[in-house]
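For reference, the chains in residue letters:
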Amino acid sequence: NAFVDSELAVENSRASIGTEFLTSIAQFRANYYEALSSPVLYKGVTETALDGYDYKLTYELPFFYGSDVYFKGSHWEDSTGFDTDSDEFGLTAEILPNMSLRIASQKTDTKASDTIGSISYSIPLGRAVKTTKKLRSLSFNTSLKPIRDELFKPVQRENRIKKKKVGQVTVSGF
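Throughout what follows, the structure given in this document is the object of discussion. No experiment lies behind these values; they were computed from the predicted model shown.

### Remarks on a negative patch on the surface
A surface patch of negative charge is lined by Glu77, Asp83, Asp85, Asp87 and Asp109. With three residues, the top contributor of residues to the negative patch is strand S8 (residues 83–96). With respect to the helices and strands, Asp109 occurs in the loop between strand S9 (99–108) and strand S10 (114–121).

Here's what the structure looks like:
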């Protein structure tokens, strides 16, 4: 996949290229991002689009209606020596049809890890063909199955342009 992203109001832009390796057991996704714009002054803050990369490795688990364990990481930098890294290790599970639970540990740079959680519910819209979801068998699958239905899902990538923001602090009243 290849994209060009642009923020119209701020005039930040970047290009990206990525790859996906998908099987019914595991998936690997990776993207590289290159800033195209120069630093921009926006509302008194200098914003610099960052270069970087991200990746995600996912392994399917045989629990609930669907579940997986994943590890993802990213690295972002600019030309002045600024850089930041983040890692996340987590578990996602579709605990009921259309309801997913995510629990993960996130770490950014040298900060301590944070544990996060989220619950989401997806409401099917339109005239989609209704399919009955079944609970998984609780046995680990080691045989590959067709993944044709995965080929039409959107590419997984960071859609927001990552930026470094440098502003001016004004102290008044002394």
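### Concerning unusual backbone geometry
Residue Lys43 is not a glycine yet carries a positive backbone phi of 55°. The residue Lys43 is located in the loop between strand S4 (40–42) and strand S5 (45–49) in this model. With relative accessibility at 73%, the residue Lys43 sits in the exposed group. Positive phi values are uncommon outside glycine, yet Asn98 reaches one of about 75°. With respect to the element layout, Asn98 can be found in the loop between S8 and S9.

### Focus: the sheet that holds strand S6 (residues 51–61)
A sheet is described by the order of its strands in space; here eight strands give the open sequence S1-S2-S3-S6-S7-S8-S9-S10, paired in antiparallel fashion. Of all strands in the sheet, those bounded by a partner on one side alone are strand S1 (2–7) and S10. The average undirected angle you get between the axes of adjacent strands in this sheet is 20°. Pairing analysis gives 11 bridges linking S6 to strand S7 (residues 67–77), with the strands arranged antiparallel. Bridging from a neighbouring strand, Thr58 pairs with Tyr70 of S7.

### Here we look at the packing of aromatic side chains
Counting across every chain of the model gives two aromatic pairs. Between Tyr33 and Trp76 the ring centres are 5.1 Å apart and the planes differ by 35°, which places this aromatic pair in the tilted class. Of the two residues, Tyr33 is situated in strand S3 (residues 26–35) and Trp76 in strand S7; the sequence distance between them amounts to 43 residues. Residues Tyr33 and Trp76 agree in their burial class; the two are buried. Arranged with centres 6.1 Å apart and planes meeting at 40°, the rings of Tyr55 and Phe71 form a pair that is tilted. Here Tyr55, found in strand S6, pairs with Phe71, found in strand S7; they are 16 residues apart in sequence, far enough to count as distant. Here the guanidinium or amino end of Lys56 rests over the ring plane of Tyr70, the centre of that ring lying 4.9 Å away.

### Some remarks on the pattern of salt bridges
One pass over the structure, following the stated rule, counts six salt bridges. Between Arg29 and Glu20 there is a salt bridge; the shortest N-O distance is 3.2 Å. Residue class for Arg29 comes out buried when judged on its relative accessible area of 10%. When its relative accessible area of 31% is taken as the criterion, Glu20 is described as partly exposed. Here Asp78 and Lys164 are joined by a salt bridge, their closest N and O atoms 2.6 Å apart. Of this pair, Asp78 sits in the loop between S7 and S8 while Lys164 sits in strand S11 (residues 163–167), placing them 86 residues apart in sequence. Looking at Asp78, the relative accessible area reads 11%, which means it is buried. Residues joined by salt bridges that share partners form a network here, namely Glu7, Glu47 and Lys163.

Conventions adopted
- Residues numbered from 1 in each chain as written.
- Predicted model: local features only at pLDDT ≥ 70, side-chain atom pairs only at ≥ 80, totals over all residues.
- Heavy atoms only, no water.
- Patch = residues over 30% accessible without salt bridge, like charges linked within 9 Å, V, L, I, M, F, W, Y side chains within 5 Å.
- Areas by Shrake-Rupley, 256 points an atom, 1.4 Å probe, with all protein chains shown as cover.
- Salt bridge = Lys/Arg side-chain N within 4 Å of Asp/Glu carboxyl O.
- Lys, Arg positive; Asp, Glu negative; His and termini not counted.
- Charge placed at Lys NZ, Arg CZ, Asp CG, Glu CD.
- Helix = DSSP H or I, 4+ residues; strand = E, 2+ residues; numbered from the N terminus.
- Buried < 20%, exposed > 50% of the residue type's maximum accessible area, 1.4 Å probe, protein only.
- Pairing = 2+ DSSP bridges.
- Axes fitted to C-alpha atoms, helices over the stretch in contact; angles between N-to-C directions.
- Phe/Tyr/Trp six-rings, centres within 6.5 Å; stacked < 30°, edge-to-face > 60°.
- Lys NZ or Arg CZ within 6 Å of the ring centre and 35° of its normal.

By themselves, these are just geometric observations and shouldn't be taken as functional.
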